[in-house]
Amino acid sequence: MNNTDFLKLCNSKIVLLDGATGSNLQKAGMQAGVSPEDWVLGNPDALVNLQKEYVLAGTDILYSPTFTANRIKLEEYGLADKIESMNAELVGLSKKAIQLAKEENPELKDKNIYVAGDLTMTGEQLYPVGKLMFEELVDIYKEQINCLIAGGVDLLVVETMMSLQECRAALIAAKEICDLPVMVTMTFNEDGRTMYGTDAKTAVTVLQSLGAAAVGVNCSTGPDQMRDVVMTMRRYTSVPIIAKPNAGLPILIDGETVFNLGPQEFALQVKGLVMDGATIVGGCCGTTPEYIIKLAEQVKDITPNLSYNPKIRSITTERKTVEIDLNGNFLIVGERINPTGKKELQAELREGKLDLVTSMAEEQEENGASILDVNMGMNGIDEKETMLSVVYELTQAVNLPLCIDSSHVSVIEAALRIYPGRALINSISLEKEKFEKLIPIAKKYGAMFILLPLSDKGLPKDIDEKKQIIDTITKEAYSQGLTKEDIIVDGLVNTIGANKLAAIETLETIRYCKEELELATIVGLSNISFGLPERQFVNSTFLAVAIHEGLTMAIANPSQDLLVNTAFATDLLCNKEEADLRYINRVTSRPMTITSTVANATNIRKSTGNGTSASGSSTSETRNKDENNNGQSTNESIIYTDVIKGNRKSILDHVKETLAAGEQPASIVDTMLIPAINQVGDLFDKQIYFLPQLIGSAETMKMAIDYLEPMLQIDQTDKKLGTIVIATVQGDIHDIGKNLVALMLKNYGFDVIDLGKDVSCSKIIETAKEKDADIIALSALMTTTMLEMKNVVKANKEAGLRAKVIIGGAVITQSYADEIEADGYSTDAQDAVRLVKRLLAV
C-alpha cells in the first residue's frame, strides 16, 4: 500500500480499525508480568481467533500484535535478540487471521484488508529530560520497522504516544527506510493535552508536516471525552483523522475491571466522532469484536468528509503553536541570540556555557517576541554541536518556536532533526548549495523557511530581478510538495543612504508577495538606516509603513520599546484583531509570562561573589523576600531560580557558593528549595509548566538535596516525614509517572523505597511490612494491569499492615480508587505530595 492507495481507501468509506487486543488476550489466559508478544507466539490461536472476529466484524485495517516488540521493551524480558523473528511471526499471525476470515465468509474474498505494523513508545525518556538520545531512538524504531516490513505489513501505525518528540522519531525513522503510509495517534488527557503538554493543534501541525498519512487520538478516554480533540484536529488538519477510544471509563464490578459503555452506546458515541470529523475509527481498551460490529452498522452509510480547511501558516514548540496570518497581528522574531558583535556571548560559547543564551531567550519572550532566531556562527567553536546544545537548552527554558539561522546546510539539518516541533529555517536563497539542498530538507522535516532573494551573483540589481528570484525558488519548492503556507519571503532591506529607492523597493516586494503570491513576509530592519543619525526613528517609521503595506513579521530586538510599540500601535490603527488589547498591555503592564515568574531571581548574582546582590543586600536578606505578589513568587535566591528553571548544570555550584557565604544547609532547604518546588507545582497545576519542566525542576532539587543531606543536623529518629513504598504493579512496565512521584516525595523529605516496575503483590507487601511503611503508592498505565491494585489493597488489609494505599496512573480515577477501597487517588506527582501530606497529617 502506498499513500495514494491509503487516501483512496479513506475517500471511499469510513475506515474501520480493530478493537482492543491486550484486555481480550487476558480473558483468553494471558497472565500479568509476561511479554505480550512472547505469550501470543506461545498461544497463537488466541490472537488469530480474536483478529479473525475483528475482520468478520468489518475491520479494514488490522493492527499487528507488535505493540511493544521494540528492542528496549523486549530487553526487559531477555528477548531483544529475537526481535526480527518475533515481529515477522506476529505479522504472520495477523495475515493468517485475515485469510481464515475470508475462508469463513466468502463475501470478504475480494475485500482488501490491511495489516498495520504497530509501534509505540519505548518507556525511556528522551534527552534532555532523560538519557535516551534522539538518534538512538530513531535507530530503535528503524530496527523494528525493518522487521515489520520483512514480515509484510501494508502500512505502519504509531499509537498510544504521549511524547510528540517520540512521534517525530518514529515518523522520521519510517520515512527514511520506506514509503509505507504511517498513521500516528496520541493519547490526550481530559484537559486536551498529552502528558508532555502537547495540545491537539500542535500535534496535528507537526505530524502532518512531517508526512503522517493520518493523525488522531487513541486510548485514555471514552468517545465523548475525545470530541474536543477531534474537532480541534479537524480545524487544522490536511490529512484524515483517527479516533480509537476506550469503551468509556473503567469500573470495578464483582472483582473485574469493566468499562461503562456497552457496544451499542459506544458505537453511537463513535458515530458522533465521525460527524465531528474522524474518518478512521475503531476501539481501544475494553472493546471487543461486538463493539466493531455495532460500529460498522452505525457508519456504513456515512460518506467521509475529506474536504479540509486551508492549510494554516504556523510553527510550533512541543507545546504551543504560533500562527502566522497574512492579515493578522504583526510578529517579532527575536534577534539577540547571535554572537556577532557580542563579546560576552562569544566568550561564554567558547567555554561551553549557555547562561547568556538562556537569559536572552527569556528576556525576549518576556518582551513580546513570538519566535526566537538562533544563530551560532562564530570562530572558535563547533557550530553544529553548539547549535544542538542551544536547541536542547531553549526547548526546555522557553516556550517560543525557534528560527534556525545558519549559513551551513549541515547545521540547519542537524538542528531541525532534533527540534521537537515545527521550526523555521533562516534561510533558503538561490545560491546553489542552499537552493539544491535546503528545499528537500525543509520538506523532510516539515519546516517553514525564509526565502532570501539572493543568488550566486549576489544582491538582485533591481526589483524585477528580485521578483524573478522569488518566483524561481517558490516554483521549485512547490514542485517538491511545499506550499505557499510554508514560505516567508525576506523583503531584503537595503540601505537608504546608498539607495534612495531601498524602502520603496522593499515595500513593493512586500506588496507583491502578499497581494499576488499570497506569501508571508519578513524583514531585518537595521539595514534601512545604516549610516544615518538617530536611526531608531527611521527604523520605526519604516516599520509602520511596511506593516501597513502587509509586512507579516520582522527580525528585531523586542526590548526596543520605540520599535515594538510602533508596531503594536500600527496594528491598532490598521484595526487588526485584538490589536487594541495587545497595544494597551504592551505599553502599560506587559502580559505575565513564565519567565517573569523568576524575573527578580535572575539578577541575584550581579555581585562580588560573596553573597551580596547588586542592590547591596545579602543572600540571607534577599531570600526572605519570598512573598506572594499576585500569585507570583518574588524569592530572589539563585538556588530558587535554579529549581524553577531546572538548572541542573549550575545548582551545585550555587549551593556551594551560598554555603560559603554563610547560609545554613537547613535554611537553603526550607527557604529556597521547598518554596521553589512549591512554585513549580503551582505552575504545573496552572498548565504553565508540563511534565518535562516538572521533571527537570524535581531532578534539580534532588541534586541539591543529595548534596546537602549529609550536612543537615536532624535527629535520626525524626529524619523523614514518613516511609513510602512505591511501585508500578505487576504486568505493567511503564514507570515515567511513578518515577516522578518518587522523586517529588523524596524532595519533600519522605523516605521513599522505589521497587521499580512490574512488581508482584507479594513483594510490595513484604517490603511494606519490613520497612513499616506509612504509605504504599501504586501506579498503573494500562487497563489490563489496574486490577492488580485491588489485589494489593486486599493483601495489605489481610496482612494487618498500617500502611495506607494510594493509587494513580493514566487509566485510574477517583471512582476506581473508591471501588477498590484504596485510601487515596492522585492525578499527578504534585497531587500525590499533597495527598500523602494530608493522609499523614504532616
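Since we're looking at a predicted model, the values are computed, not measured.

Student: Is there a simple way to explain the overall build of the protein chain in this structure?
Tutor: Tallying secondary structure elements over the protein chain gives 32 helices and 27 strands in all. On C-alpha atoms alone, the protein chain measures out to a radius of gyration of 29 Å, which is about the 28 Å that the 2.2 N^0.38 rule sets for 842 residues. The burial tally for the protein chain puts 59% of its 842 residues in the buried class. Sequence separation of 24 or more characterises 75% of the internal contacts of the protein chain that already satisfy a separation of 6 or more. For the protein chain, the computed accessible surface area is about 33,000 Å², with 47% contributed by carbon and sulfur atoms. For the protein chain, the centre of its 82 positive side-chain charges and the centre of its 115 negative side-chain charges are spaced 2 Å apart.

Student: How should I be thinking about the packing of aromatic side chains in this particular structure?
Tutor: The description of an aromatic ring pair rests on the distance of the ring centres and on the angle between the ring planes. For the coordinates displayed, the defined rule picks out two aromatic pairs. Centre to centre, the rings of Phe 266 and Tyr 291 are 5.3 Å apart; their planes meet at 75°, and the pair counts as edge-to-face. Pair noted here: Phe 266 is in helix α11 (residues 263–276) and Tyr 291 is in helix α12 (residues 289–299), with a separation of 25 residues, a long-range link. The class for Phe 266 is buried, based on a relative accessible area of 0%. Under the relative-accessibility criterion, Tyr 291 is labelled buried at 8%. The ring of Tyr 63 is capped by Lys 244, whose NZ or CZ atom sits 4.7 Å from the centre of that ring.

Student: For this particular structure, what's the right way to read the packing of helix α9 (residues 200–209) against helix α10 (residues 227–236)?
Tutor: Where α9 meets α10, the axes come as close as 8 Å, and the angle between the chain directions of the two elements is 45°. Relative to α10, the element α9 is oriented oblique. Note that α9 runs across α10; the crossing there is right-handed. Of α10, the residues touching α9 (which contributes Ala 200, Lys 201, Val 204 and Gln 208) are Val 229, Thr 232, Met 233 and Tyr 236.

Student: Even after reading the chapter, I still don't get the sheet that holds strand β16 (residues 424–430), so can you show me in this structure?
Tutor: Remark on secondary structure: sheet strands pair via backbone hydrogen bonds, oriented parallel or antiparallel. Around the barrel, eight strands lie side by side as β13-β14-β15-β16-β17-β18-β19-β20; this closed barrel has parallel pairing. Between one strand axis and the next, the sheet turns by 30° as a mean value, whatever way the strands run. Sheet strands touched by helix α18 (residues 463–479): β16, β17 (448–455) and β18 (487–490). Its angle to β17, the strand with the most contacts, is close to 140°.

Student: Sorry if this is basic, but what is going on with the packing of helix α16 (residues 409–418) against helix α17 (residues 432–444) here?
Tutor: Between two packed helices, what matters for the description is the angle formed by their axes and the separation of those axes. In contact at an axis separation of 10 Å, α16 and α17 are set at 5° when each is read in the N-to-C sense. Here α16 lies roughly parallel to α17, going by the angle between them. When α16 is examined against α17, the residues Val 409, Ile 412, Glu 413, Leu 416 and Arg 417 are found in contact with a partner set consisting of Glu 433, Lys 437, Leu 438, Ile 441 and Lys 444. Across the contact of α16 with α17, the residue classes tally to five nonpolar, no polar and five charged.

Student: Would you mind showing me how to read the environment of Tyr 141 here?
Tutor: Inspection of the secondary structure assignment puts Tyr 141 in helix α7 (residues 134–151). Placed 75 residues apart in sequence, Tyr 141 and Thr 66 show a C-alpha to C-alpha distance of 12 Å. Here the side chain of Tyr 141 touches Thr 120 through a polar contact of 3.0 Å, landing on its backbone oxygen.

Student: Could you clarify how one ought to interpret the environment of Ala 32 in this entry?
Tutor: By secondary structure assignment, the location of Ala 32 is in the loop between α2 (22–27) and α3 (36–42). In this structure Ala 32 comes out as partly exposed when scored by relative accessible area, which is 30%. Ala 32 sits 700 residues away from Asp 732 along the chain, and the two C-alpha atoms are 7.8 Å apart. With sequence-adjacent residues up to four places away left out, Ala 32 is seen in contact with Gln 730 and Gly 731.

Student: Sorry, what's going on with the sheet that holds strand β26 (residues 804–808) here?
Tutor: Overall, parallel pairing links the five strands, which are arranged β24-β23-β25-β26-β27 in an open sheet. Both edges of this open sheet fall to β24 (751–754) and β27 (824–825), since each of them pairs with a single strand only. By the bridge criterion, five bridges tie strand β25 (residues 775–779) to β26 in an arrangement that is parallel. When the bridges of β26 are listed, Leu 778 appears paired with Ile 807.

Student: I'm lost on the confidence of the model for the protein chain in this one. Help?
Tutor: Low-pLDDT portions of the prediction should not be read for the details of their coordinates. For the protein chain, the average pLDDT comes to 90, and 93% of its residues sit at 70 or higher. Within the model, the stretch residues 591–634 combines pLDDT values under 50 with 75 contacts to residues more than four positions away or in other chains.

Student: It is not clear to me how the nonpolar core should be interpreted in this structure. Could you clarify?
Tutor: Side chains of nonpolar character tend, in soluble globular proteins, to be buried together. Counting residues in hydrophobic clusters, the biggest one holds 186 residues, and the most contacted among them are Leu 156, Phe 449 and Leu 673. With 10 residues, helix α26 (residues 665–685) is the largest single contributor of residues to this core. Residues within four places of Leu 673 in sequence aside, it is in contact with Ile 639, Val 643, Ile 668, Met 701, Ala 704, Ile 705 and Leu 708. Membership of the second largest hydrophobic core comes to 31 residues, among which are Val 729, Leu 755, Cys 761 and Tyr 816.

Student: Help me out: how do you make sense of the state of the cysteines in this one?
Tutor: In protein structure, a disulfide is the covalent linkage between the sulfur atoms of two cysteines. Evaluated as defined, the whole model comprises zero disulfides. Cysteine Cys 167 remains unbridged, with the sulfur of Cys 219 as its closest cysteine sulfur at 14 Å. A disulfide-free cysteine, Cys 513 has its sulfur positioned 17 Å from the sulfur of Cys 403, the nearest such atom. In this structure Cys 513 comes out as buried when scored by relative accessible area, which is 0%.

Student: Before we go on, may I ask you to explain α16 in this structure?
Tutor: Every α-helix carries 3.6 residues per turn, so stepping three or four residues along brings you back to the same face. Extensive coverage of α16 is indicated by the burial of eight of its 10 residues. Considered for burial, the residues of α16 that qualify are Val 409, Val 411, Ile 412, Ala 414, Ala 415, Leu 416, Arg 417 and Ile 418. Packing partners of the buried residues in α16 comprise α7, α8 (164–177), α15 (383–397), β15 (402–405), β16 and α17.

Student: Explain the pattern of salt bridges to me, please; I cannot follow it from the model alone.
Tutor: Where charged atoms of side chains with opposite charge meet at close range, the side chains can pair. All chains considered together, the criterion is met by 38 salt bridges. The network of salt bridges with common partners includes Glu 135, Lys 142, Glu 176, Arg 417 and Lys 444.

Student: How should the side chain of Thr 566 be read in this particular structure?
Tutor: Secondary-structure assignment places Thr 566 in helix α21 (residues 561–573). Separated by 2.6 Å, the side chain of Thr 566 and the backbone oxygen of Leu 562 make a polar contact. In this view, Thr 566 contacts Ser 540, Ala 544 and Asp 561; residues no more than four positions away in its chain are not counted.

Student: I keep staring at the pairing of strand β19 (residues 520–524) and nothing clicks. Help me out?
Tutor: Side-chain positions along a regular strand alternate between the two faces of the sheet. Counting buried residues in β19 gives four out of five residues, a clear majority hidden from the surface. Bridge count between β18 and β19: three bridges; the pairing is parallel. In the sheet register, Val 489 faces β19, and the bridge partner there is Thr 521. With respect to chirality, the unit in which β18 leads through helix α19 (residues 502–516) into the neighbouring parallel β19 is right-handed. The pairing of β19 with strand β20 (residues 553–556) spans three bridges and is classified as parallel. When the bridges of β20 are listed, Gly 524 appears paired with Ile 555. As for the winding sense of the linkage, the β-α-β connection from β19 through helix α20 (residues 535–549) to β20 is right-handed.

Student: Explain the pairing of β17 to me, please; I cannot follow it from the model alone.
Tutor: The buried count for β17 comes to eight of eight residues, which makes it a mostly enclosed element. Side-chain alternation along β17 places Met 448, Ile 450, Leu 452 and Leu 454 on one buried face and Phe 449, Leu 451, Pro 453 and Ser 455 on a second face that is also buried. Both β16 and β17 contribute to a ladder of five bridges, which runs parallel. In the sheet register, Asn 426 faces β17, and the bridge partner there is Ile 450. A crossover links β16 with its parallel partner β17, the connecting element being α17, and its sense is right-handed. Across three bridges, β17 lies against β18 in parallel orientation. In the sheet register, Leu 451 faces β18, and the bridge partner there is Val 489. Crossover connection from β17 via α18 to parallel β18: handedness right-handed.

Criteria and cut-off values
What you see as residue numbers is a count from 1 along each chain, following the sequence as written. Only residues with pLDDT of 70 or above have their local features reported here, since the model is predicted, and side-chain atom pairs are shown and tallied only from 80 upward, although totals for entire chains, interfaces and linings are computed over all residues. In computing side-chain properties, one takes all heavy atoms of the structure into account and sets aside hydrogens as well as water. Working definition: helices are DSSP H or I runs of at least four residues, strands are E runs of at least two. Numbering for both runs from the N terminus. Our radius of gyration looks at C-alpha atoms and nothing else; its globule reference is 2.2 Å times the residue count to the power 0.38. Exposure categories follow from relative accessible area, calculated using a 1.4 Å probe and restricted to protein chains: below 20% of the type maximum is buried, above 50% is exposed, and the middle band is partly exposed. In this description, contact between two residues means that some pair of their heavy atoms is separated by no more than 4.5 Å. All accessibility values rest on the Shrake-Rupley procedure with a 1.4 Å probe; residue burial counts only the protein chains present in the view. Neither His nor the chain termini are counted; the positive set is Lys and Arg, and the negative set is Asp and Glu. Positions of charges follow a simple convention, taking NZ of Lys, CZ of Arg, CG of Asp or CD of Glu. Stacked, edge-to-face and tilted are the three classes for Phe, Tyr and Trp ring pairs, Trp counted by its six-membered ring, which pair at centre distances within 6.5 Å; planes under 30 degrees apart are stacked, over 60 edge-to-face, the rest tilted. Should the NZ of a Lys or the CZ of an Arg lie within 6 Å of a ring centre and within 35 degrees of the ring normal, that charge is described as sitting over the ring. Each axis is a line fitted through C-alpha atoms, taken for helices only over the stretch in contact, and angles between the N-to-C directions span 0 to 180 degrees. Each angle is binned into one of four classes, with values under 35 degrees roughly parallel, values over 145 roughly antiparallel, values of 65 to 115 roughly perpendicular, and all other values oblique. Put simply, a crossing is left-handed when the front helix is turned counterclockwise from the back one by less than a right angle, and right-handed when it is turned clockwise. Pairing between strands is defined by DSSP: at least two bridges between the two strands are required. In the scheme used here, Gly and all other residues not listed as nonpolar or charged are polar, with Ala, Val, Leu, Ile, Met, Phe, Trp, Tyr, Cys and Pro taken as nonpolar and Asp, Glu, Lys and Arg as charged. Side-chain atoms alone can form a polar contact between residues adjacent in sequence; in general such a contact is a pair of N or O atoms within 3.5 Å, and within protein one must be able to donate a hydrogen while the other accepts it. Values of pLDDT, the confidence the predictor places in each residue, fall between 0 and 100. Each nonpolar core is a collection of buried residues, namely Ala, Val, Leu, Ile, Met, Phe, Trp, Tyr and Cys, held together in the definition by side-chain atoms within 4.5 Å. The disulfide criterion is simple: two cysteine sulfur atoms within 2.5 Å. In what follows, salt bridge is the name for a side-chain nitrogen of Lys or Arg lying within 4 Å of a carboxyl oxygen of Asp or Glu. Here, the term right-handed applies to a crossover whose path from the first strand over the helix to the second runs clockwise when the strands point away from the viewer.

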